[in-house]
Amino acid sequence: ISGVEYPLSSQVTLLNCGSVGQSRILDRRASYAMIDTTHRTVTYWRVPYDWRETWQLMRNEDFPNAVLTRLMDAPATSDTPADWVSYFDQTRGD
């Protein structure tokens, strides 16, 4: 969830800060993480970007169809929570 702060443990922590354009969770927005080492927290963020322009630029450069398809329409899997699918369906095309 964008903007939610999570505490880090005192142990070594592995974080996945996100990506742009290769969504595995039906959300086309770019994602990143901000780590606060003083307070030992991490906050994940999602921001919109022009994925349609990115798709066109990638197509012009002959990126593989599998990559273009993932950017356009990341499919739901059996592991995808129903509320994510519902959210994606409501925001599709944004």
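Residues numbered from 1 in each chain as written. Predicted model: local features only at pLDDT ≥ 70, side-chain atom pairs only at ≥ 80, totals over all residues. Heavy atoms only, no water.

### Comments concerning unusual backbone geometry
Next up, step 1: The residue Arg 40 is not glycine, and still its phi comes out positive at about 55°.
Next up, step 2: Judged by its relative accessible area of 37%, Arg 40 is partly exposed.
Next up, step 3: Despite not being glycine, Asp 62 shows a phi value in the positive range, around 60°.
Next up, step 4: Looking at the secondary structure, you find Asp 62 in the loop between α1 (51–60) and α2 (65–72). (Buried < 20%, exposed > 50% of the residue type's maximum accessible area, 1.4 Å probe, protein only. Helix = DSSP H or I, 4+ residues; strand = E, 2+ residues; numbered from the N terminus.)

### Focus on the packing of α1 against α2
Next up, step 1: Running from N to C, α1 and α2 point in directions that differ by 175°, and their axes come no closer than 10 Å. Taken together, the axes of α1 and α2 lie roughly antiparallel to each other. Facing α1, whose interface residues are Trp 51, Thr 54, Trp 55, Met 58 and Arg 59, α2 presents Val 67, Leu 68, Leu 71 and Met 72.
Next up, step 2: Residue classes in the contact of α1 with α2 are distributed as seven nonpolar, one polar and one charged. (Axes fitted to C-alpha atoms, helices over the stretch in contact; angles between N-to-C directions. Parallel < 35°, antiparallel > 145°, perpendicular 65-115°, else oblique. Contact = heavy atoms within 4.5 Å. Nonpolar A, V, L, I, M, F, W, Y, C, P; charged D, E, K, R; others polar.)

### Things to note about the environment of Ile 35
Next up, step 1: Tracing the chain through its elements places Ile 35 in strand β2 (residues 30–36).
Next up, step 2: A sequence separation of 18 residues divides Ile 35 from Cys 17, and the C-alpha atoms of the two residues are 9.6 Å apart.
Next up, step 3: When sequence neighbours within four positions are dropped, the list of residues in contact with Ile 35 reads Leu 8, Leu 15, Thr 41 and Val 42.

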